[in-house]
Amino acid sequence: DVFALALMVFALWFAWHVGEPQINAFLNEHRYQLEFLILFVLCSVFVFSFVTYQLFQRQTQIDNLIDDFNLLGISKDQDEIEERYNRSYNITTYILFVIIAVFTTIFGVSLFFWAPQTSALISADTLQAMRYGFVGAYLFASSLVYRRYRDSDLQPTVYLYCALVLFAGLAFNYVVFQMISQIAGAVDVTQITGASGPSNGAEAGILAIVAFALGYFPYLAVRWIQQIPVPILSLTQRRSDALPLSLIDGISDLHEARLRDEGIDNIQNLNSAPLADLLINTRFSAQQVIEWIDQAALYSYLERSEIESFRRSAVRTLSDFLDAWEDYYLAWDRSSTQPILSSQKITETDLDPLKTLREQRATQFQTTAERLDLLYKTVRLGPNVHYIRYYWAAAQSASEAFRQKSLEIHYQLTQLYYRVPTSARPYVERLLTDLTANAQTAGGGGGWGAASSQADNSYSLTNSALEAAKNGDFANAEKLYTEALNSDPYNLMALNNLAYLYADQPQFNRDPRYLQLALNLANKAIEYTWSSDIAYATHLDTLATVKIRLAQLEIDQARRKTLLDEAERHLKDAQALPIEQRTAANVQAVDQHLKEIEGLRLMVNGAQPAPTP
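Residues numbered from 1 in each chain as written. Predicted model: local features only at pLDDT ≥ 70, side-chain atom pairs only at ≥ 80, totals over all residues. Heavy atoms only, no water.

**Brief notes about the overall build of the chain**
In terms of helices and strands, the chain carries 31 helices and 0 strands. In the chain, which comprises 613 residues, the proportion classed as buried is 42%. Counted over contacts in the chain with a minimum sequence separation of 6, partners at least 24 positions apart contribute 68%. When the accessible surface of the chain is summed, it comes to about 32,500 Å², and 58% of that surface belongs to carbon and sulfur atoms. (Helix = DSSP H or I, 4+ residues; strand = E, 2+ residues; numbered from the N terminus. Buried < 20%, exposed > 50% of the residue type's maximum accessible area, 1.4 Å probe, protein only. Contact = heavy atoms within 4.5 Å. Areas by Shrake-Rupley, 256 points an atom, 1.4 Å probe, with all protein chains shown as cover.)

**A word on the side chain of N266**
Tracing the sequence through the fold places N266 in the loop between α13 (253-261) and α14 (267-271). Side-chain polar atoms of N266 contact the backbone nitrogen of Q268, separated by 3.2 Å. At 3.0 Å, the side chain of N266 forms a polar contact with the backbone nitrogen of N269. (Polar contact = N/O pair within 3.5 Å; in protein donor to acceptor, adjacent residues only side chain to side chain.)

**Some details on the nonpolar core**
If you look at the biggest cluster of nonpolar residues, it comprises 85 residues, and the most contacted ones within it are F46, Y159, L270, L298, F310 and F321. Excluding anything up to four places from it in sequence, L270 contacts L245, I248, I251, I264, W292, I293, A296 and N384. Counting 45 residues, the second-largest nonpolar core is a separate cluster that includes L480, L498, L501 and L543. (Core = buried A, V, L, I, M, F, W, Y, C linked by side-chain atoms within 4.5 Å.)

**So, helix α29 (residues 536-553)**
Taking 1.5 Å per residue as the helical rise, α29 with its 18 residues ought to reach 26 Å, and the 26 Å between its terminal C-alpha atoms agrees with that figure. With 16 of 18 residues buried, α29 lies mostly within the body of the structure. (Expected span 1.5 Å × (residues − 1).)

**Some details on the packing of aromatic side chains**
What the rule picks out here adds up to 20 aromatic pairs. Looking at R131, its charged tip hangs above the ring of F112, at a distance of 5.9 Å from the centre. (Phe/Tyr/Trp six-rings, centres within 6.5 Å; stacked < 30°, edge-to-face > 60°. Lys NZ or Arg CZ within 6 Å of the ring centre and 35° of its normal.)

**Some words on the confidence of the model for the chain**
On average, the chain scores 77 in pLDDT, and the residues at 70 or more come to 71%. Across residues 338-344 the pLDDT falls below 50, and counting only partners more than four positions away or on other chains, this stretch makes 10 contacts in the model. Every residue in residues 442-452 scores below 50 in pLDDT, and together they form 20 contacts with partners more than four places removed in sequence or on other chains. (pLDDT = per-residue confidence, 0-100.)

**Structural notes on the packing of α29 against helix α30 (residues 557-576)**
Where α29 contacts α30, the two axes come as close as 8 Å, and the packing angle between them is 165°. Compared by their axis directions, α29 and α30 come out roughly antiparallel. Regarding α29 and α30, the two cross each other, and that crossing is left-handed. Residue-level contacts link A537, L540, D541, L543, A544, K547, I548, L550 and A551 of α29 to R560, L563, L564, E566, A567, H570, L571, D573 and A574 of α30. Residues of the contact of α29 with α30, tallied by class, amount to 12 nonpolar, 1 polar and 5 charged. (Axes fitted to C-alpha atoms, helices over the stretch in contact; angles between N-to-C directions. Parallel < 35°, antiparallel > 145°, perpendicular 65-115°, else oblique. Left-handed = near helix turned anticlockwise from the far one by under 90°. Nonpolar A, V, L, I, M, F, W, Y, C, P; charged D, E, K, R; others polar.)

**Section: unusual backbone geometry**
At A314, a residue that is not glycine, the phi angle is positive and equals roughly 65°. Tracing the chain through its elements places A314 in the loop between α17 (304-312) and α18 (318-336). Look at Q366: it is not a glycine, yet its phi comes out positive at around 60°. Position of Q366 relative to the elements: it lies in the loop between α20 (352-364) and α21 (369-379). By relative accessible area, which is 56% here, Q366 ends up exposed.

**With respect to the pattern of salt bridges**
Opposite charge on two side chains permits pairing when their charged atoms draw close. Counted according to the given criterion, the structure contains 18 salt bridges. With a shortest N-O distance of 3.0 Å, R258 and E262 are connected by a salt bridge. Take E262: its relative accessible area is 25%, and that puts it in the partly exposed class. Shared partners join several salt bridges into a network, and the residues in it are D249, E291, E308, R311 and R316. (Salt bridge = Lys/Arg side-chain N within 4 Å of Asp/Glu carboxyl O.)

**Thoughts on the side chain of T462**
Within the secondary structure, T462 sits in helix α24 (residues 450-470). Taking relative accessible area as the criterion, T462 reaches 0% and is therefore assigned buried. With near-sequence residues (within four places) excluded, T462 lies in contact with Y481, A484, N491, M493 and A494.

**Focus on the environment of I307**
Along the polypeptide, I307 turns up in helix α17. Given the relative accessible area of 2%, I307 is considered buried. The sequence separation of I307 and F365 amounts to 58 residues, and the corresponding C-alpha distance is 9.4 Å. For I307, the contacting residues outside a window of four places in its chain are L243, L247, Y299 and L302.

Rendered as structure tokens:
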């Protein structure tokens, strides 16, 4: 790039012109060798970080951007992404800003080795404070470059920001030290160098720490200086000040500083931020940005006090709110409109139960249903809502696909477990454990995504079925277990309990069709259960019970004997398990069913069906 080359040539000429006496002394008289070595090392941080970043990080960044853009449905054109990347990470801009950072560093270092003559404009005390401020600012700038390099987020503006921090470390200390001098009201202020005597050593140390801190914490210095005129000028707080970025879960001070670099100072700015530019100009992942914007899209419409009320109701993002209130809003909107009331003759009294439910839910948010309706209609029109919805829909779809594939592999490994020698089984168990952990991790913060909610629903139905069976409502229990398995076919509790229900209750176990269903369910429960699982003994007992009931209906003597032998073997397998893997109920049930088998074998008339179960 011709312009970049011209900049470098001009920078070298300017450096030579300004520092000609020192450069001549170094080259011709071999003086200032240590000074120039320190200067070279300090300046090289900016130059070498820029060069290595261009060599090793560029393509990685572009690949990550392509993945993030695809996640959000923004763009799939690699050429377009590279073009946008090159506009933000322009080589010429890099060179210009690196040169500015290098020259600012040279200026700060020169205050140590080639300090200007002290005068009324800059005293020895002020000069020493500026030196401490530069040291603090340089440490901050170098740590910033390292952090941005490590996070693959080393933009050209980082070097300009470093230059501004270095300059600010000098300027703040100049201004603040003069201000302190005026406030103290003394002509001979305690010198930062401690030159006024040993009695002033403590004061000198405190002032040195203050000077260093003003350089190392530029944001704190700016805020402190900004707050000084506020009471004097009677400035009022803006609404944006009431919704700072610190309200967003997951945004640390470092994240906030990075977002401010992109002009995002508060929640409203984050809510309306151009998502593509934010992904290109920062190295925050799509997952991070969407999570933050999902919160900001809701908080922008809430008062600060309301945010805590919503969080207590397990609603912390826009997506959470839409999930929590959408059904209440749609049910009311469809039922309460005048045309529906007229055509279907629905009265206001008919709507009272729905109205009560809405009010109860709104009370959890510490607001009214009307307020939530208005909020629901408004938040759906936010600038980044379509990206939020696209991302979560894609994430749920990917999570469900991953879970289904994991379950297939889980099933295959479980089958393999029973076919390999006993010595090899621990390795299969380890694979199963790793598979489960990876599947849960891949689901994100919420576990297995959409499939997780299906599993939750399945086990909720299972618990309802248990209650129904406990109350003697076996028809409803069968219905609920069936629904649970439709939601999650790998629900072990539902598989086992429905099989046992068919085998145990007279309204089912006299019909061979139900017993055949029970046999299929019990076999699946065994297949999907590890032998080390505490439920394994119970599942063996269930399978044995089903075969006992089939034997009771069987008229073929040989077939009946086979079923009883198989049932006895399952029960013996359960008895052989370690006692810690068996419940008290299982021990009792196994003993009872073994005695039942013994009684059935003593029947004389083997050609006739056994007594009805």
